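# Geometric and topological summary
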Amino acid sequence: MADEKTAYRYLKESGLEPIEHKAIIVKYAPESDDLGSKVKNFFSSEYYVLQMCKDELVLMRVLVNAVCTLEKKIALRLPYSSVRSVEITDIGMSYRITIGTDTGTICLLAQIKELSELRSSGVCAGLMGVPGTWHKNNLDDTLQMLKSLQTAC
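Computed from a predicted structure; not experimentally measured. (Residues numbered from 1 in each chain as written. Predicted model: local features only at pLDDT ≥ 70, side-chain atom pairs only at ≥ 80, totals over all residues. Heavy atoms only, no water.)

With that settled, the discussion passes to the overall build of the chain. Across its full length, the chain carries 4 helices and 7 strands. The linear arrangement of helices and strands in the chain, starting from the amino end, is α-β-α-β-β-β-β-β-β-α-α. Within the chain, the proportion of its 153 residues that are buried is 46%. A total accessible area of about 8,000 Å² is found for the chain, and carbon and sulfur atoms account for 53% of it. (Helix = DSSP H or I, 4+ residues; strand = E, 2+ residues; numbered from the N terminus. Buried < 20%, exposed > 50% of the residue type's maximum accessible area, 1.4 Å probe, protein only. Areas by Shrake-Rupley, 256 points an atom, 1.4 Å probe, with all protein chains shown as cover.)

What follows is the structure, encoded as structure tokens:
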């Protein structure tokens, strides 16, 4: 079983400098707003830990199995210097995080903390440590740090 501390340790072992308590559970947002894309995304069980580091943000894949383990390899490294824009939109039960970069746009979803213990992020976070708490506890500060990338652009 993995937890927030495991992600932190994996990243330190990879030579990165993760920032404590700046990690949340995310998934890629649907490519379009049509109903089919939303339904497909709803049933997707591909989750990632988004971890803010000193000079970049990284995504590490959560392997959704009986205990939600964390894949040790880094799925995405995004240097802050490549970020051109950040937009965070409350879309009801999730936040849509849109990050514009030198090469394109990345759209992610992070479940709101008020319902996270009842939804997938809470289940993943719970199976990866204390039930639902680290995603919930880290969400506000992590979103704020993401927003601050906008002013640094």
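Tracing the backbone through its elements, the reader meets Val58 in strand β3 (residues 56–63). Judged by relative accessible area, which is 0%, Val58 ranks as buried. For the pair Val58 and Leu76, spaced 18 residues apart in sequence, the C-alpha separation works out to 5.4 Å. Beyond its immediate sequence surroundings of up to four residues, Val58 is in contact with Leu11, Leu16, Val49, Leu50, Gln51, Cys53, Ile74, Leu76 and Arg77. (Contact = heavy atoms within 4.5 Å.)

With antiparallel pairing, 7 strands are arranged side by side in an open sheet as β4-β3-β2-β1-β7-β6-β5. Where the open sheet ends on each side, the last strands, each with one partner, are β4 (69–79) and β5 (83–90). The mean inter-strand angle of the sheet, taken between neighbouring strand axes irrespective of direction, is 35 degrees. With 7 bridges connecting them, strand β6 (residues 94–101) and strand β7 (residues 105–111) associate as antiparallel partners. Paired with Tyr95 across the strands is Ala110, a residue of β7. Each of β1 (18–28), β2 (47–53), β3 and β4 is contacted by helix α1 (residues 4–13), which is oriented at about 105 degrees to β1, the strand it contacts most. (Pairing = 2+ DSSP bridges. Axes fitted to C-alpha atoms, helices over the stretch in contact; angles between N-to-C directions.)

Residues Leu57, Ile97 and Leu146 are the most contacted members of the largest nonpolar core, which totals 24 residues. Only β1, β2, β3, β5, β6, β7 and α4 (133–152) provide two or more residues apiece to this core. Counting residues per element, this core draws most heavily on α4, which supplies 5 residues. Leu11, Ala23, Ile25 and Val62 belong to the second largest nonpolar core, which has 14 residues in total. (Core = buried A, V, L, I, M, F, W, Y, C linked by side-chain atoms within 4.5 Å.)

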